[in-house]
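One letter stands for each residue in the lines below.
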Amino acid sequence: MIIEDTRLFPYDDIEPKWQKFWQDIRLTSVDTADARNKYYCLMMFPYPSAALHVGHGRNYIIGDVVARYKMMRGFKVLSPMGFDAFGLPAENAAIKGGIPPKTSTLNNIKKMKSQFADWGVGYDWDKEVISCLPDYYKWTQWIFVKLYEKGLAYKKKAFVNWCPSCKTVLANEQVVEGKCERCSTEVNQKDLEQWFFRITNYADRLLKDLDKLTEWPERVKIMQKNWIGRSDGVEIDFKIEGSEDILKCFTTRIDTIYGATFLALAPEHPLVPKLIKGSKDEAALLKCVQKMRDESKIERSATDVEKEGIFTGRYVINPVNNEKIPVWIANYILMEYGTGAIMAVPAHDQRDFEFAKKYDLPIRVVIDDPKDPLDAGAMKTSYEAVGVMVNSGQFNGLSSDVSLEKIADHFEEKKLGKRAVQYKLRDWLISRQRYWGAPIPIIYCPKCGIVPVPEKDLPVILPEDVEFRPTGESPLKLSKDFVNTKCPVCGAAATRETDTMDTFVDSSWYYLRYITPHLNDKPFDKETVNKWLPVDQYIGGVEHAILHLLYSRFITKFLKDIDAIGFDEPFKNLFTQGMITKNGIKMSKSKGNVVAPDELIKKYGADTVRLYTLFIGPPEKDAEWSDRGVEGAYRFLGRVWRLVLGYKDNRPSAGKTDPKKWDALKRKTHQTIKKVTEDLDGGFHFNTAISSIMELVNETYDCMGQAAKDDKASEDILTEAVQTVVILLSPFVPNISEEMWQRLGKKNSIFKAGWPVCDKSAMVEESLTIVVQVNGKVRSRIEVPSGIAEEKLKEAVLTDVKIKSFVDGKDIKDFIIVPNKLVNIVIR
RNA sequence: GCCGAAGUGGUGGAAUGGCAUACACGAUGGUCUCAAAAACCAUUAAGCGUAAGCUUGUGUGGGUUCGACUCCCACCUUCGGCACCA
């Protein structure tokens, strides 16, 4: 029995053949010692998950297109890949299935690498980094120690999600509707000593330097700016009645100080226990405070959620008029922002307004609306705009924006407070009470206190013979061999820190390691790194717009400050790609809407899957996956395949004769070169680049049905069109393009062939079609010679039959000409 | 809730102040074939009209403009992030 070959082209022969060929000629291998003409193309390194889906593929395919295109433009392209290999899922798998995290992680990496190969994406695997291996995390720990030495790593108490039943800390993800995902126990907030990085010291530089990032998407910069959240204001010292303590409040609206009718504290505020101590309602107050503290932060900051509060029974003194102001505790005040205490001005802040209404607190207008005077009793919402000062002593009658500065001056002169800057950005909590992460290199000595592990003793190795408990408790705490050690300073018996680092620390410097990945005596070679960085093109998901990118920028700035590197921004160009959805939602295993690439690649080949992924839509936007669309891409490649193999002998010698078509094909060829080049240089417009190549293919087929105007000339035009199609397609579909290139009789790899250049003289058109509108509506189209004079054009338009019927007998008010495109006749 | 983004045919999308729906998918009809697949040809926003053509139409409502998918204001819906998923 003969099984018929139903493939449109022999992708399964082609793909392994050329992938081996590229390996043999070391197409993607780069010696970083020589950085001349370098181009560093980087994709965000992935967390190793068991199976990649087509949504993941988008990132790698986009990066591969960029790398191959730049290669063809003559750059020395470094495109490395690695794995962000520490993290929660591997640990969960170990707890559930008993497979050690290292084993499952390395298995996943192996699977992923074979999937990369299936997609035909090429990396310089000599540069691979894996963040969970000691040769890498040694240097993550080294960065921690450097930060510690500079006072930028420190310990303080912070709240964590705590499951009282499992006796373990939970990630936000492990808290489902306020309950532990493992045992469904109500989760509460627990105070724990934890390690932080002082990223807030860099807040201002991280903010200001966003201006340097001219090649970043504006939306990402805006998100970072809002995340850093700089605000300028005044810190006021409120004296507490009957106490020596003072309450510090930060406000951006010092102009409203005379309207403060209560103070509100976060339930976590350190003075809360002291303030309510001895009160007759102490027990009830404490209970209420605890309830507020257990609410999640997102709930608490939501403005549509019911505001809750309780009066402490204490008062402070308003420094501008010596008024007694009651002190409340309120759920909408967050300890993390500002001082954890606010002066509440119900008349001029909506949240305070709602709180005052609920608890019947006074509302006093101190800024009046100049157009519509306010009546405190009748207000439905707060008045937050600029206005005229009233009820504000010596400042009455001034504009509120002027008194903002005057009152601030007044506070500083009388030493009642001082101008201050606040950031929303908080210090980076890097402690994780987990096993599968880089151990924090700290030793606690009973005599010497906190001692960082000296560089010569790094890495602090994560032990592998540990016991995983079903509760999720960190096995590090239970490992005596790990915990018990000697103090590196005095040699006394000491214990190790058992917290590990947030995986964002691992990923905040990996792009530096790629350049010189095998050094054992330093994290990277400074000189080489300085030549290759910043990264020329960084590509990844928009979901990383804030955290990962901000942390990387911070670590880069820190390394610059300690003179480890010579630049202070890591990524010059940033591209954030959209998600691939299926049935309107993000692809994920748990949703059961994952499209696996394996079967598609088997059925249509990698080039087809690549082409469809790129054609699906603008890469920065989300896109809906359709298996049908894949078939379309497959058929297109089949069409190109037949064109390339058969264009020479498949041409009819007689038929319709239209010599103009040949000139048009030459023009189209060069227009397509221009369009594709612009689409790749000006942005990542792969979808429109591909559609323009499709148009060229369609026009080439159309031309083949025409008799030649002269054999040699049309032969040349046709050959040029076909070769152009192949070379323009090559970054998108490398395997089939390389095969077709060789079949066209070329000897070298298509990626060494150089990018085609468009010939402007070939694009000149003799005549143009001008759209003619009457009052903005298209009424006709006329053919005119290109470069026609304005008067001649007017004449041609007005003698057009269709236009005459609209214009005759009417007053022409205006005659608008858009050169080479359109005219619009405005009639009354 | 806050911050960011997006809403265009049956579907993915194109057009960033100048021809709305390029390119593709799907669908319908046809050619080839014993048949199918593949390929090729034609039609494909809606409504009216025998036709030439006309009218409406880019989430909703308003505005700016000779001209608006594009700019401005308000609203609605969907998606991403919100600091222990990475």
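Above this text you will find the structure in question.
First, a word on what this report is: a plain description of the structure on this page. Keep in mind that this is a model prediction, so the values were computed, not measured. (Residues numbered from 1 in each chain as written. Chains lettered and ligands numbered in written order. Predicted model: local features only at pLDDT ≥ 70, side-chain atom pairs only at ≥ 80, totals over all residues. Heavy atoms only, no water.)

The next subject is the side chain of Lys668. Residue position: Lys668 is located in helix H21 (residues 659-681). Those residues in contact with Lys668 that lie beyond four places of it in its chain are Glu695, Leu696 and Glu699. (Helix = DSSP H or I, 4+ residues; strand = E, 2+ residues; numbered from the N terminus. Contact = heavy atoms within 4.5 Å.)

The mixed open sheet is built from three strands, whose spatial order is E27-E26-E28. Of all strands in the sheet, those with a lone pairing partner are strand E27 (585-586) and strand E28 (623-624), marking the two edges. Sheet topology places strand E26 (residues 580-582) next to E28; two bridges connect them, and they run parallel. Following the sheet pairing, Thr581 is matched in E28 by Glu624. (Pairing = 2+ DSSP bridges.)

With that settled, the discussion passes to the pairing of strand E31 (residues 812-818). Of the pairings in the sheet, the one linking E31 to strand E32 (residues 822-827) comprises six bridges and is antiparallel in character. Residue pairing across strands places Val818 opposite Leu822, the latter belonging to E32. Once E31 ends, the chain turns through three residues before running back antiparallel as E32, passing Asn820 with a positive phi of about 65 degrees.

What surrounds RNA strand B is a group of 64 residues, the closest being Asp84, Asn172, Arg639, Arg781 and Asn824. Restricting the count to atoms of RNA strand B within 4 Å of the protein gives a sugar and phosphate share of 71%. Between RNA strand B and Asp622, the relevant distance is 3.2 Å, taken from a sugar or linking oxygen to a side-chain nitrogen or oxygen of the residue. Note that a phosphate oxygen of RNA strand B is positioned 3.3 Å from one of the side-chain N or O atoms of Arg779. In terms of residue count, helix H22 (residues 686-704) provides more of the surface near RNA strand B than any other element does, six residues in total. Of the residues assigned to the surface near RNA strand B, the class counts are 27 nonpolar, 17 polar and 20 charged. (Near = heavy atom within 4 Å. Polar contact = N/O pair within 3.5 Å; in protein donor to acceptor, adjacent residues only side chain to side chain. Nonpolar A, V, L, I, M, F, W, Y, C, P; charged D, E, K, R; others polar.)

This part is about the layout of surface pockets. If you add up the space inside the second largest pocket, you get close to 450 Å³. Taken together, 19 residues form the lining of the second largest pocket, with Gln23, Thr28, Gly122, Tyr123 and Trp125 sitting closest to its centre. Contributing elements (two or more residues each) for the lining of the second largest pocket: helix H1 (11-24) and helix H4 (101-119). Element by element, the count of residues in the lining of the second largest pocket is highest for H1, at four residues. When grouped by side-chain class, the residues that make up the lining of the second largest pocket number seven nonpolar, six polar and six charged. (1 Å grid on protein atoms, 1.4 Å probe; cavity = no way out; pocket = protein on both sides within 12 Å on 5 of 7 lines; lining within 4 Å. Points joined across faces, edges and corners; volume = space filled by probe spheres on them.)

Quick look at the environment of Ile442 now. One can find Ile442 in strand E19 (residues 442-445). Once residues lying within four places of it in the same chain are set aside, the contact partners of Ile442 are Phe144, Tyr148, Trp195, Ile450, Val451, Pro452, Val453, Thr495, Arg496 and Glu497.

Remember, this is a structural readout, not a statement about activity or role.
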